[in-house]
Amino acid sequence: MASDFRTRTAGAPWGWDDAHRRLSIAVVGATGAVGRELVELLVAAGHPANRLDCLARRYDKIELENRQKVPVRPLETTQDASAFSGFDLAFLCTPTEISRVLGPALSEFGVRVIDLSSAFRMRDDVPLVVPEINGAELAREGRLVANPNCTTAIAALPLAVVDREYGLDEVLVVSYQAASGAGAPGLATLTYELRREAGLPGLGSEPKSPFVATLVNNVIPAIAEVDERGTSGEEQKIQDELRKILGRPDLVVESTTARVPVERCHSVAVHLKTKRDVDLRRLRELLARAPGLALTDDPHGPRPRDCAGTDPVHVGRVRAGSRGSRSLCFFAVGDQLRKGAALNAFQIAARLSVER
Ligand SMILES: NC(=O)c1ccc[n+]([C@@H]2O[C@H](COP(=O)([O-])OP(=O)(O)OC[C@H]3O[C@@H](n4cnc5c(N)ncnc54)[C@H](OP(=O)(O)O)[C@@H]3O)[C@@H](O)[C@H]2O)c1
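For clarity, every value in this text was computed on a predicted model and none was experimentally measured. (Residues numbered from 1 in each chain as written. Predicted model: local features only at pLDDT ≥ 70, side-chain atom pairs only at ≥ 80, totals over all residues. Heavy atoms only, no water.)

A. Layout of the side chain of threonine 274. Structurally, threonine 274 is set in strand β10 (residues 266-274). A polar side-chain atom of threonine 274 sits 2.7 Å from the main-chain carbonyl oxygen of arginine 276. (Helix = DSSP H or I, 4+ residues; strand = E, 2+ residues; numbered from the N terminus. Polar contact = N/O pair within 3.5 Å; in protein donor to acceptor, adjacent residues only side chain to side chain.)

B. Broad picture of the domain arrangement of the protein chain. In terms of domain boundaries, the protein chain breaks down into domain 1 (18-148 + 341-351) and domain 2 (152-336). Both faces considered, domain 1 and domain 2 share a buried interface measuring about 1,400 Å² in area, 64% of it formed by carbon and sulfur atoms. Among the salt bridges present, the one from arginine 264 reaches glutamate 37, with a minimum N-O distance of 3.2 Å. Counting every contact that joins domain 1 to domain 2 gives 6 residue pairs in polar contact (both at pLDDT 80 or more). The residue makeup of the side of domain 1 that touches domain 2, split by class, is 9 nonpolar, 2 polar and 4 charged. (Domains from an automatic or database assignment. Buried area = accessible area lost by both parts, 1.4 Å probe. Salt bridge = Lys/Arg side-chain N within 4 Å of Asp/Glu carboxyl O. Nonpolar A, V, L, I, M, F, W, Y, C, P; charged D, E, K, R; others polar.)

C. Fine view of the side chain of histidine 314. Along the chain, histidine 314 falls in strand β12 (residues 313-320). Owing to a relative accessible area of 16%, histidine 314 belongs among the buried residues under this scheme. Looking at histidine 314, its side chain comes within polar contact range of the side chain of threonine 310, at 2.9 Å. With near-sequence residues (within four places) excluded, histidine 314 lies in contact with Ala294, Pro302, Cys307, Phe331, Ala332 and Val333. (Buried < 20%, exposed > 50% of the residue type's maximum accessible area, 1.4 Å probe, protein only. Contact = heavy atoms within 4.5 Å.)

D. How the structure looks around the pattern of salt bridges. Counted according to the given criterion, the structure contains 23 salt bridges. Ionic pairing is found between arginine 282 and glutamate 165, a salt bridge with its closest N-O pair at 2.8 Å. A residue pair is termed long-range when its members are at least 10 positions apart, and arginine 282 in helix α8 (residues 280-289) and glutamate 165 in helix α5 (residues 150-166) qualify at 117 residues. The partly exposed category is assigned to arginine 282, whose relative accessible area is 32%. Note on glutamate 165: relative accessible area 27%, which makes it partly exposed. The partner of arginine 243 in a salt bridge is aspartate 240, and the shortest N-O contact between them spans 3.8 Å. Linking arginine 243 with aspartate 240, this pair stays in helix α7 (residues 233-246), spanning 3 residues, or about one helical turn.

E. Structural detail: the packing of α5 against α7. Between α5 and α7, whose axes approach to 10 Å, the crossing angle comes to 40 degrees. Classed by the angle they form, the pair α5 and α7 counts as oblique. Considering the relative orientation of α5 and α7, their crossing is right-handed. Side by side, α5 and α7 meet where Cys150, Thr151, Thr152, Ala156, Leu159, Ala160 and Asp163 of the first sit next to Glu234, Lys237, Ile238, Glu241, Leu242, Ile245 and Leu246 of the second. Tallied by class, residues from the contact of α5 with α7 come to 8 nonpolar, 2 polar and 4 charged. (Axes fitted to C-alpha atoms, helices over the stretch in contact; angles between N-to-C directions. Parallel < 35°, antiparallel > 145°, perpendicular 65-115°, else oblique. Left-handed = near helix turned anticlockwise from the far one by under 90°.)

F. Representation of the nonpolar core in the model. Of all hydrophobic cores here, the largest spans 54 residues; its most connected members are Phe84, Leu159, Leu272, Leu283 and Phe330. Tallying contributions element by element places α5 first for this core, with 10 residues. When residues of this core are sorted by domain, at least three fall in each of domain 1 (18-148 + 341-351) and domain 2 (152-336). The contacts of phenylalanine 330, once residues within four sequence positions are left out, are Pro158, Leu159, Val268, Ala269, Val270, Leu272, Val315, Gly316, Arg317, Val318 and Arg319. Core analysis: the next-biggest nonpolar cluster, separate from the first, contains 35 residues, Trp16, Leu41, Leu64 and Phe91 among them. (Core = buried A, V, L, I, M, F, W, Y, C linked by side-chain atoms within 4.5 Å.)

G. The arrangement of the site of the ligand in detail. Inspection of the region around the ligand gives 25 residues, with Thr31, Val34, Arg57, Thr94 and Ala184 positioned closest. In this structure, alanine 184 approaches the ligand through a main-chain N or O atom, which is 2.7 Å from an oxygen atom. With respect to the ligand, the side chain of glutamine 336 contributes an N or O atom lying 3.3 Å from an oxygen atom. Put simply, the parts of the chain that give the shell around the ligand at least two residues each are α2 (33-44), α6 (183-197) and α10 (338-351). The element contributing the most residues to the shell around the ligand is α6, with 3 residues. Taken together, the residues that form the shell around the ligand break down as 13 nonpolar, 10 polar and 2 charged. Domain assignment of the residues forming the shell around the ligand places at least three in each of domain 1 (18-148 + 341-351) and domain 2 (152-336). (Near = heavy atom within 4 Å.)

Have a look at this one:
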């Protein structure tokens, strides 16, 4: 990450106590954008190095912000869950197809699994959890928990507050998603393109871009594949996952997702209708004290550049819509590598009743 986007770990250790520090933990995909962030969180929370095993495709090491080097060993085969023998908990920060194999195998082997991919999110027997909203789901049977899509988690936190108080009727989410949402290759591509556009020397070889077009100086108005109806994979995830997390299968959700040339932090413009009249002053009070949220009065904020590396979802531009007292608009920004991924998964782990 660029040096002005330092992670601010003010919230550490996020409820990670001595009992958690006795857990033997595997982070699979530790060299990726999300895995690396998870290792940072675990180390910042004081998890001992001898109870933290980092895995990826190949031998590597990651350098943390405190300059500590953490070794990464290769996962020889995704078929052999016995490689995880002795672990209490595994975070799968891996592509969906790898999680699909490892998740069930590890749970059968007795390991608690928190999966950050989309492999299990919509399965009825797997809780899909944002702890501040539906943490009670973690009491359910089963060793596998799914972490939501990053944009969904960011939009869900303020939406849950509105839903509890005024009842959501319909929601429109438009996203502006950072390059690192496409993982380490996305970030490497943006960094390379920025340097190339600036004419900087020592460019090195061009990374393989995960984007369909040059990202710098651009906006790409669809994320992931677009289906025959014209809906992108990311848009479908937001619609399905919001309904599941909010426990509102009936909720009308529309979305458009776009990639923007920002390093980290996804932003969402949300327009919605409620079932009951909205009292804006009361809503602001509720948003200001809701766990996981930070309300701003900045008429031109929140902005990704200021929110990168922070824990909360920042909400601003809260205002009445033009469709009467049941319509509302707001803008929210969250660091998708933290609350949209690693931090949310870490908070799930902190609330699991794992045998220790
Ligand atoms: N980026 C986000 O904002 C975000 C947010 C929420 C959820 N997610 C989800 O989180 C997961 C990880 O995303 P990411 O952005 O961190 O991706 P990434 O930067 O591309 O990292 C992927 C990681 O998976 C490892 N990996 C790939 N194939 C593997 C295999 N066969 N065996 C073991 N490890 C393997 C990679 O190891 P090598 O380095 O050795 O290749 C790397 O450590 C994905 O499912 C993604 O959809 C991402």
